[in-house]
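# Inside the fold
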Amino acid sequence: TMQTDLRAWTVKDAIEHYNVHGWGRDFFSINEAGHVEVTPAGPNSARIDLKDLVDDLRSRGVNLPVLIRFSDILRTRVQQLCGSFQQAIAENDYRGSYRGVYPIKVNQQRHVVEELIEYGRPFNLGIEAGSKPELLVALALQENPEALILCNGYKDKAYIETALLARKLGRQVVITMDRLGELDTILAASRELDI
């Protein structure tokens, strides 16, 4: 008979196996009960046991699956990212500025985009639009005149015209050219619109 060395699965095993410290950073971990735990405002903030939260929701009659969002994570990450650039700029006497943009294609849900714009406002966080519909969303939601609206992706005449008109309205629109042929479209549209 072969003797198998079996041991109990531990929290440490789960943390290592699922690389929780790698993807969870300061926000997600596994607690002593073996449950996923979130600290939405960072490592020293209040802890939420996700299993307990789901059990509580089910006891109230909420059907699964549910989507649980933690706005504090978005706020903290925007502050960390932009703060890191501000610190590096100050430490190195850099005379420029950091102009971050959020690519809408990452998550197009309105509340996510709105929260990122709100949390990024002190840092002039802009939006990257990869299509005309995304550009229209950016124009509707981004009211900060200092924030960039970066136009990327495939750009037809209507997309370029919308971007140019937004510049005429005082928005900080930057058109990224992916192909040389786009230059002709941009120049023709700018002449046509007198921009």
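Structural data are supplied above this passage.
Residues numbered from 1 in each chain as written. Predicted model: local features only at pLDDT ≥ 70, side-chain atom pairs only at ≥ 80, totals over all residues. Heavy atoms only, no water.

A full pass over the atoms with the stated rule returns two aromatic pairs. Their ring planes at 10° and their centres at 3.8 Å tell us that F85 and Y98 sit as a pair that is stacked. Linking F85 in helix α4 (residues 71-91) with Y98 in the loop between α4 and β4 (101-103), this pair joins segments that are 13 residues apart in sequence. Under the relative-accessibility criterion, F85 is labelled partly exposed at 35%. (Phe/Tyr/Trp six-rings, centres within 6.5 Å; stacked < 30°, edge-to-face > 60°. Helix = DSSP H or I, 4+ residues; strand = E, 2+ residues; numbered from the N terminus. Buried < 20%, exposed > 50% of the residue type's maximum accessible area, 1.4 Å probe, protein only.)

The next point concerns the sheet that holds strand β3 (residues 48-49). Reading across the sheet, the three strands line up as β1-β2-β3 and stay open at both edges, with antiparallel pairing between neighbours. One side of each edge strand has no neighbouring strand; the edge strands of this open sheet are β1 (28-30) and β3. When β1 meets strand β2 (residues 36-38), the two strands line up antiparallel, connected through three bridges. Along β2, the bridge assignment pairs S29 with E37. (Pairing = 2+ DSSP bridges.)

Take the packing of helix α6 (residues 132-141) against helix α7 (residues 157-168) next. Between α6 and α7, the shortest axis-to-axis distance is 9 Å and the interhelical angle comes to 20°. When the axis of α6 is compared with that of α7, the two are roughly parallel. α6 and α7 meet at a crossing whose hand is left-handed. Facing α6, whose interface residues are K132, L135, L136 and L139, α7 presents A158, Y159, T162, A163 and A166. Residue composition of the contact of α6 with α7, grouped by class: seven nonpolar, one polar and one charged. (Axes fitted to C-alpha atoms, helices over the stretch in contact; angles between N-to-C directions. Parallel < 35°, antiparallel > 145°, perpendicular 65-115°, else oblique. Left-handed = near helix turned anticlockwise from the far one by under 90°. Contact = heavy atoms within 4.5 Å. Nonpolar A, V, L, I, M, F, W, Y, C, P; charged D, E, K, R; others polar.)

Next up on the list: a nonpolar patch on the surface. Taken together, the side chains of V62, L64, V66 and I68 define a hydrophobic patch exposed on the protein surface, amounting to about 260 Å² of accessible area. Within the secondary structure, V62 is located in the loop between α3 (50-59) and α4. (Patch = residues over 30% accessible without salt bridge, like charges linked within 9 Å, V, L, I, M, F, W, Y side chains within 5 Å. Areas by Shrake-Rupley, 256 points an atom, 1.4 Å probe, with all protein chains shown as cover. Salt bridge = Lys/Arg side-chain N within 4 Å of Asp/Glu carboxyl O.)

Turning our attention to the pattern of salt bridges. Following the criterion strictly, the structure yields ten salt bridges and no others. When the shortest N-O distance is used, the salt bridge between R60 and D56 registers 2.5 Å. The class for R60 is exposed, based on a relative accessible area of 62%. We classify D56 as partly exposed; its relative accessible area is 30%. In this structure, the salt-bridge partner of E192 is K157, at a minimum N-O distance of 3.4 Å. On the criterion of sequence distance, the pair formed by E192 in helix α8 (residues 181-193) and K157 in helix α7 is long-range, its members being 35 residues apart. Residue class for E192 comes out exposed when judged on its relative accessible area of 52%. By sharing partners, the salt bridges in this structure join K155, D178 and E182 into a single network.

Turning to its location among the elements, L164 is positioned in helix α7. Considered as a pair, L164 and A189 are 25 residues apart in the sequence and their alpha carbons are 7.9 Å apart. Apart from residues lying up to four places away in sequence, L164 is in contact with I175, I186, A189, S190, L193 and I195.

For a regular strand, the rule is simple: side chains alternate between the two faces of the sheet. Residues V173 and I175 line the buried face of strand β7 (residues 172-175), whereas the alternating positions Q172 and V174 sit on a face that is not buried. Where strand β6 (residues 148-151) and β7 come together, four bridges link them in parallel fashion. By the bridge assignment, I149 is partnered in β7 with V173. Remark: the β6/α7/β7 crossover connection has right-handed handedness. (Right-handed = clockwise from strand over helix to strand, strands pointing away.)

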